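The primary structure of each chain is shown beneath.
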Amino acid sequence: MTAVPVSIGVKRTPATRPIAGALGNSMFVIDQSRCIGCRACVQACEECGTHRGNSMIHVDEVDRFQSTQTTVMVCMHCEDPTCAEVCPADAIKQNEDGIVQSSLKPRCIGCSNCVLACPFGVPKYLSAFDQMMKCDMCYDRTSVGQKPMCASVCPSQALWFGTPEEFEATRTGTLVNEWWFGNQYVSTKVRTVADEPGPVDVLGGAGERPWQDDPFGIEEGVA
Amino acid sequence: MATPPITEEELVARYGPHLNQAPAGGWDAGIDADREVKTHCCFCGQQCGIILKVKDDQVVGFEPWYEFPFNEGKLCPKGVKRYLQNAHPDRLLEPLERDPSSPDGFRQVTWEHALDRTVSEIQRIQQAYGKDSFAMLSGVSLDNEKSYLIGKFARLALGTANLDYNGRLCMVSAGVANKRALGIDRASNPWADIPLADVVFIAGANVAECAPITTSYVWRARDRGAKLIVADPRVTPLARTADLFLGLRPGTDSALFGTMLHVLVERDWLDHDFIRDHTEGFEAAAQAVREYTPKWGETVTGVPAARIEQAAEWWGTSATGMLMHARGIEHHTKGVENVWAAINLGLATGKYGKPGCGVTTITGQGNGQGGREHGHKCDQLPGNRDITNPEHREYIASVWGCDVDEIPGKGLTAEEIVEAIHRGEIKGLLSICFNPVVSLPDTTFTKEALDKLEFYAVIDFFLAETAFHADVVLPGSLHEEDEGTSTTVEGRVVKLNASKPPPGNARIDWHILLDIARRLGRGKYFDFESAEDIFNELRVASKGGSADYYGITWDRIESELGVFWPCPSPDHPGTPRLFEGGRFYTENGRGKFMPVSYRPPAEVVDDEYPVWLTTGRVISQYLSGTQTRRIGPLVAQYPEPLCEIHPKLAASLGIEDGDVVRVTSRRGSMTLPAKVVTTIRPDTVFIPYHWAGRRAANQLTNRALDPLSKIPEYKVSAVRVERAGPAGTPVVDARDMDLHTEPGT
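Analysis parameters
- Residues numbered from 1 in each chain as written.
- Chains lettered and ligands numbered in written order.
- Predicted model: local features only at pLDDT ≥ 70, side-chain atom pairs only at ≥ 80, totals over all residues.
- Helix = DSSP H or I, 4+ residues; strand = E, 2+ residues; numbered from the N terminus.
- Rg over C-alpha atoms; globule rule 2.2 N^0.38 Å.
- Buried ≥ 20, exposed ≤ 12 C-beta atoms within 10 Å, placed from the backbone.
- Contact = placed C-beta atoms within 7 Å.
- Nonpolar A, V, L, I, M, F, W, Y, C, P; charged D, E, K, R; others polar.
- Pairing = 2+ DSSP bridges.
- Axes fitted to C-alpha atoms, helices over the stretch in contact; angles between N-to-C directions.
- pLDDT = per-residue confidence, 0-100.
- Expected span 1.5 Å × (residues − 1).
- Arc of directions from axis to C-beta.
- Parallel < 35°, antiparallel > 145°, perpendicular 65-115°, else oblique.
- Left-handed = near helix turned anticlockwise from the far one by under 90°.
- Core = buried A, V, L, I, M, F, W, Y, C linked by C-beta atoms within 7 Å.
- Right-handed = clockwise from strand over helix to strand, strands pointing away.

### Some remarks on the overall build of chain B
Summing up its helical and strand segments, chain B has 24 helices and 28 strands in all. Taken over C-alpha atoms, the radius of gyration comes to 25 Å for chain B, in line with the 27 Å a tight globule of 745 residues would show. In terms of overall dimensions, chain B has C-alpha extents of about 70 × 65 × 55 Å along its principal axes. When the 745 residues of chain B are sorted by exposure, 65% land in the buried category. Across chain B, the fraction of contacts at a sequence separation of at least 24, relative to all contacts at a separation of at least 6, is 74%.

### Re the overall build of chain A
The helix and strand inventory of chain A stands at six helices and 10 strands. Here chain A, with 223 residues, has 39% of them falling under the buried criterion.

### As for the interface of chain A and chain B
Counting from both sides, the interface comprises 41 residues of chain A and, opposite them, 49 residues of chain B. Among the secondary structure elements, those contributing two or more residues to the side of chain A that touches chain B are α1 (40-45) and α5 (149-153) of chain A. Of all the elements, α1 of chain A adds the most residues to the side of chain A that touches chain B, at three residues. The residue inventory of the side of chain A that touches chain B, partitioned by class, reads 16 nonpolar, 16 polar and nine charged.

### Quick word on the environment of Thr443 of chain B
Residues and elements named next belong to chain B. Along the chain, Thr443 falls in helix α18 (residues 443-451). Distance in space between the C-alpha atoms of Thr443 and Asn698 is 5.7 Å, their sequence separation being 255 residues. Setting aside chain neighbours within four positions, we find Thr443 in contact with Val437, Gly668, Ala696, Asn698 and Gln699.

### Observations regarding the sheet that holds strand β13 (residues 357-361) of chain B
Residues and elements named next belong to chain B. In spatial order, the strands read β10-β9-β8-β12-β13; together these five strands make up an open sheet with parallel pairing. In this open sheet, the two edge strands, each paired with only one partner strand, are β10 (244-246) and β13. Each strand axis lies, on average, 10 degrees off the axis of its neighbour in the sheet, ignoring direction. Relative to strand β9 (residues 227-231), strand β8 (residues 199-203) is paired through five bridges, and the arrangement is parallel. Paired with Ile202 across the two strands is Val230, which belongs to β9.

### Looking at the confidence of the model for chain B
Residues and elements named next belong to chain B. For chain B, mean pLDDT is 96; residues scoring 70 or higher make up 97% of the total. Within the model, pLDDT remains below 50 along residues 731-745, and this stretch shows 32 contacts once partners closer than five positions in the same chain are excluded. Across the assembled chains, the prediction reports ipTM 0.94 with pTM 0.95.

### With respect to helix α20 (residues 531-542) of chain B
All names here are of chain B. Here α20 is 12 residues long and its end C-alpha atoms lie 16 Å apart, about the 16 Å a rise of 1.5 Å per residue gives. Among the residues making up α20, those that are buried are Ala531, Ile534, Phe535, Leu538, Arg539, Ala541 and Ser542. Each buried residue of α20 sits inside an arc of 170 degrees when the element is viewed along its axis, so together they form one side. Looking at the buried positions of α20, the neighbouring elements they touch are α4 (144-158), α15 (390-400), β19 (484-487), α19 (509-519) and α21 (554-560). Taken from the residues just after α20, Gly544 is the one with a positive phi, measuring 85 degrees.

### Topic: the sheet that holds strand β2 (residues 49-55) of chain B
Residue and element names in this part refer to chain B. With respect to topology, three strands assemble into an open sheet ordered β1-β2-β3, the strand pairing being antiparallel. Since the sheet does not close on itself, it has two edges, and those belong to β1 (35-40) and β3 (58-64), each with one partner. For this sheet the average axis-to-axis angle between neighbouring strands, irrespective of direction, equals 35 degrees. Across six bridges, β2 lies against β3 in antiparallel orientation. From the neighbouring strand, Ile50 faces β3, where its bridge partner is Pro64.

### Observations regarding the environment of Lys152 of chain B
Residues and elements named next belong to chain B. Looking at the element boundaries, Lys152 is found in helix α4. Between the C-alpha atoms of Lys152 and Arg703, which are 551 residues apart in sequence, the distance is 29 Å. Ignoring sequence-local partners within four residues, the contact set of Lys152 consists of Gly375, Trp400 and Tyr525.

### Points about helix α14 (residues 335-348) of chain B
Its 14 residues give α14 of chain B an end-to-end C-alpha distance of 20 Å, which sits within 8% of 20 Å, the value for a rise of 1.5 Å per residue. Where α14 of chain B ends, the next residue or the one after it, Gly350 of chain B, has phi of about 65 degrees, a positive value.

### Notes on the confidence of the model for chain A
All names here are of chain A. Scored by pLDDT, chain A comes out at a mean of 85, with 86% of its residues at no less than 70. Within chain A, no element has a lower average pLDDT than helix α4 (residues 139-142), which sits at 89, and none a higher one than α5, at 97. Across residues 1-20, confidence stays below pLDDT 50; counting only partners more than four residues off in sequence or on other chains, it has 31 contacts.

### Re the packing of helix α5 (residues 172-182) of chain B against α14 of chain B
All names here are of chain B. The contact between α5 and α14 brings their axes to 8 Å, and the two run at 50 degrees. Classified by the angle their axes make, α5 and α14 are oblique. The element α5 and its partner α14 pack so that their crossing is right-handed. The residues of α14 that touch α5, namely those facing Ser173, Ala174, Val176, Ala177, Ala181 and Leu182, are Gly335, Val336, Val339, Trp340 and Ile343.

### Some remarks on the nonpolar core
Note that soluble globular proteins tend to have their nonpolar side chains buried in a common cluster. Among the nonpolar cores identified, the biggest contains 252 residues, and Cys41 and Cys150 of chain A together with Val200, Ile229, Leu246 and Met260 of chain B are the most heavily contacted of them. If you tally residues by element for this core, the top one is α14 of chain B, at nine residues. Excluding anything up to four places from it in sequence, Cys150 of chain A contacts Cys41, Ala44, Cys45, Ile57, Val74 and Leu159 of chain A.

### So, the pairing of strand β6 (residues 134-138) of chain B
Residues and elements named next belong to chain B. Judged by how many residues are buried, β6 sits mostly within the fold: five of five residues are covered. With three bridges joining them, β6 and strand β7 (residues 163-165) adopt parallel strand pairing. Note on β7: the bridge partner recorded for Ser138 is Tyr165. The parallel pair β6 and β7 is bridged by α4, and the resulting crossover is right-handed.

### Brief notes about unusual backbone geometry
Residue and element names in this part refer to chain B. Cis geometry is adopted by the peptide bond preceding Pro17, which originates at Gly16 and carries an omega value of 15 degrees. With respect to the secondary-structure elements, Pro17 resides in the loop between α1 (8-15) and β1. For the peptide bond that leads from Trp565 to Pro566, omega is -5 degrees, which places it in the cis range. Secondary-structure assignment places Pro566 in the loop between β21 (563-564) and β22 (591-592). Phi at Glu72 is positive, roughly 45 degrees, even though this residue is not glycine. Of note, Glu72 is situated in the loop between β3 and α2 (77-81).

### A look at the packing of helix α8 (residues 253-266) of chain B against α14 of chain B
Residue and element names in this part refer to chain B. Packing of α8 against α14 leaves a shortest axis separation of 8 Å and a crossing angle of 20 degrees. Between α8 and α14, the crossing angle belongs to the class labelled roughly parallel. Taken as a pair, α8 and α14 cross one another with a handedness that is left-handed. Counting all contacts with α8, which are made through Asp253, Ser254, Phe257, Gly258, Met260, Leu261 and Leu264, the residues of α14 involved are Glu337, Asn338, Ala341, Ala342, Asn344, Leu345 and Ala348. Grouping the constituent residues of the contact of α8 with α14 by class yields eight nonpolar, four polar and two charged.

### Digging into the environment of Asn71 of chain B
Residues and elements named next belong to chain B. Tracing the sequence through the fold places Asn71 in the loop between β3 and α2. Judged by local crowding, Asn71 falls into the buried class, with 27 C-beta atoms found within 10 Å. Apart from the residues lying within four places of it in its own chain, the contact partners of Asn71 are Gln46, Cys48, Gly49 and Ile213.

The following block contains the structure:
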């Protein structure tokens with residue numbers, strides 16, 4: 001197994017924050033393995049009155065030549081958000097409940113420091129608005145007890161919103177919300193699903209699905 | 001005179017598709033909507049619940065409808081952006097009449113004139129050539145009320161036998177197979193059964209793109225540990241996650257299922273009690289596959305023998321299992337046989353009538369289920385009755401209050417109607433909700449046929465490509481402009497609610513039909529004040545038929561969030577799961593095994609046309625694209641057809657990713673960009689079919705029909721593929737470039 005080593009570095013202790021806040025006991029979970037690339041999330045995100053026709057979600061094909069696998073990325077809402085730390089204008093604010101907001105329009109100078117610094121590649125600089133905008137976990141919805149729009153519509157529930165108990169009862173996989181990027185430790189409010197805890201084997205091949213190495217039996221001379 | 005009055009390019013420039021990018025009143029309009037309307041999506045058979053936001057009598061956005069049990073708020077991109085068909089610049093607002101001298105090709109006329117002209121042409125043609133020389137084509141994006149009304153309208157107002165519908169291109173193979181083998185044509189299970197299956201076998205269904213919400217049900221099964229098997233010539237987005245992938249050659253589905261049945265018999269993975277107590281015909285079905293060893297199956301289907309055996313083992317040894325199929329096995333000259341071969345697998349292993357057990361089609365069109373039950377088909381009367389059965393005719397005549405002889409006999413199917421037009425036997429046509437120039441195979445032939453019509457009238461909300469041939473265009477209503485019911489993929493009857501009135505002088509579809517009926521002097525059969533009146537007559541007309549809606553009322557649907565038919569009486573709870581206790585709806589109550597021998601498709605590859613072509617859909621477009629090709633954000637997602645081709649085949653032809661390729665069949669030729677991917681068989685190319693004109697995949701496809709269901713063989717053609725030019729050759733037309741507009745505009 002080709003394991004990606006976990007980086008070694010000084011682990012900073014994250015600031016203590018209320019767990020509940022506006023989201024109550026609910027959490028946001030991304031399960032990339034379930035993404036079908038339909039972009040319902042992107043289309044729905046555009047509908048928000050606060051960013052008018054622009055989606056804050058990234059859906060990407062991993063390698064369309066090889067696979068239909070896509071990935072979906074919303075803001076991970078870091079406990080210590082790098083975007084805010086690198087912002088020279090102090091334009092990116094974090095709510096008490098841990099939601100990291102889009103840049104404040106009067107402050108944002110459009111420098112794109114945050115776009116470059118975010119370890120997850122989330123913020124976007126939108127020239128039409130001359131401002132950085134990003135996912136705020138539908139604060140207009142979640143702050144009044146509604147589910148975020150993307151996790152509401154997602155047909156495969158690759159984007160999921162609910163309580164840990166609901167997750168335990170209905171879903172599989174290990175939830176991950178701690179990351180190392182080189183020496184930088186990041187803890188996020190949004191969780192992703194891994195098959196199992198520990199280092200991720202990114203070059204491990206088809207694993208339990210051997211057909212994926214040769215979908216059409218070409219090597220067997222069948223197709 | 002039904003030739004396009006001006007060139008196709010000029011018509012497109014005038015009538016679209018143009019792209020609507022943002023809601024009426026701007027992006028803020030939805031923030032303080034005037035009202036919210038609970039209804040359902042206008043697109044596929046899933047019929048997801050959705051809340052539409054309305055402001056100033058325009059639908060300006062949506063909100064998830066979390067309480068609706070099927071989708072619990074989930075939507076695909078089409079559902080999210082569906083509201084952009086409202087306040088659309090292409091919307092037809094006035095009746096039109098063909099006028100080659102006008103720069104627009106059509107001139108605006110009054111309703112009075114348009115209806116008079118239509119009725120006088122109907123009468124002229126029928127007097128000159130006989131009643132059946134005037135045909136009607138319809139579609140099942142229409143609700144149950146309109147579907148029922150059109151069945152009655154064609155028979156009693158037009159008096160023609162020749163009414164058929166676009167479900168002929170969709171669900172009919174499953175319909176024939178289900179009715180003959182099981183005695184009823186409906187999904188075997190509510191979707192809530194999918195998560196209870198230990199094995200989910202998806203055959204010929206691109207679930208993630210064509211029935212996206214079903215993905216979440218499959219995942220719930222997998223969360224319980226279910227195995228997922230997918231059979232498809234392409235590794236579709238859901239197939240990527242399958243435990244077992246059967247990448248079969250197009251047109252070999254019955255060989256795959258037959259081989260699996262062979263293995264089930266050989267290994268005795270059979271439910272003998274179920275076969276004995278609840279079925280008939282097992283011996284003949286087993287005999288038919290006696291020679292279908294895994295090695296034979298591998299040779300015919302191109303799927304490694306070990307994988308077919310593995311699939312049979314999982315299917316045969318799992319306590320519960322659902323086999324779900326769609327157009328991938330049904331769009332064939334043996335579409336009915338393919339479905340029978342699938343049903344045989346269910347009957348042999350007792351996978352019917354129990355939680356998590358069933359074999360079911362995934363109905364494609366919006367009201368593909370309800371619209372195929374109540375007289376919309378050329379051989380059918382309401383309640384899924386048979387138009388040639390004297391008792392059925394007597395009953396419907398008694399409901400309609402007409403003489404039984406006034407009900408015409410069996411007519412021609414959709415493709416056969418077009419062929420009869422081409423032969424000059426049918427001279428006049430009225431169509432609604434059907435765009436055959438895009439959706440029927442062999443586009444050139446379809447256009448030639450339409451050109452020969454003496455008179456063609458269309459009811460539609462946009463001027464779809466078929467309507468380019470029209471003499472009279474009657475502007476009708478969108479889904480959100482009328483109320484009624486539709487029946488979902490599960491067999492659940494749901495309520496559609498109106499959000500707004502039709503704009504301009506557009507009118508509600510059924511009001512137009514009633515006006516025509518009155519002018520034809522047949523108004524006495526069409527005394528309806530409301531869509532609910534129509535539904536209440538449908539209930540009575542369906543009573544006692546195999547699709548019995550008698551116990552379903554609009555009030556019940558609203559309060560119960562849908563009712564599953566059969567529902568024979570008002571106190572009946574409805575029937576979510578069919579065949580419980582092993583009771584089938586056949587005369588003797590037994591499920592019928594049908595012997596299925598494999599036979600090749602109508603067209604096979606040869607030296608001249610050495611590559612298989614199969615067609616299908618993409619997530620962001622719906623059917624012939626009349627609506628979705630007009631919605632900017634959906635067009636942006638997949639702007640033009642691409643030809644998926646395996647790198648091995650591409651290399652042998654000197655084709656690189658993005659190159660323009662020419663694909664040629666015996667019917668026609670088209671050029672389009674190549675998408676080189678390892679996710680398709682190396683002997684097969686795939687082209688999605690949603691586009692018109694020179695981008696229409698159906699320029700290539702074959703008019704060969706299934707002998708029983710009369711569905712065309714869209715899924716198998718033989719083609720030649722050549723490199724036509726380098727990447728970057730402009731094939732995207734100018735309208736698609738409009739996408740790059742400033743945000744918020």
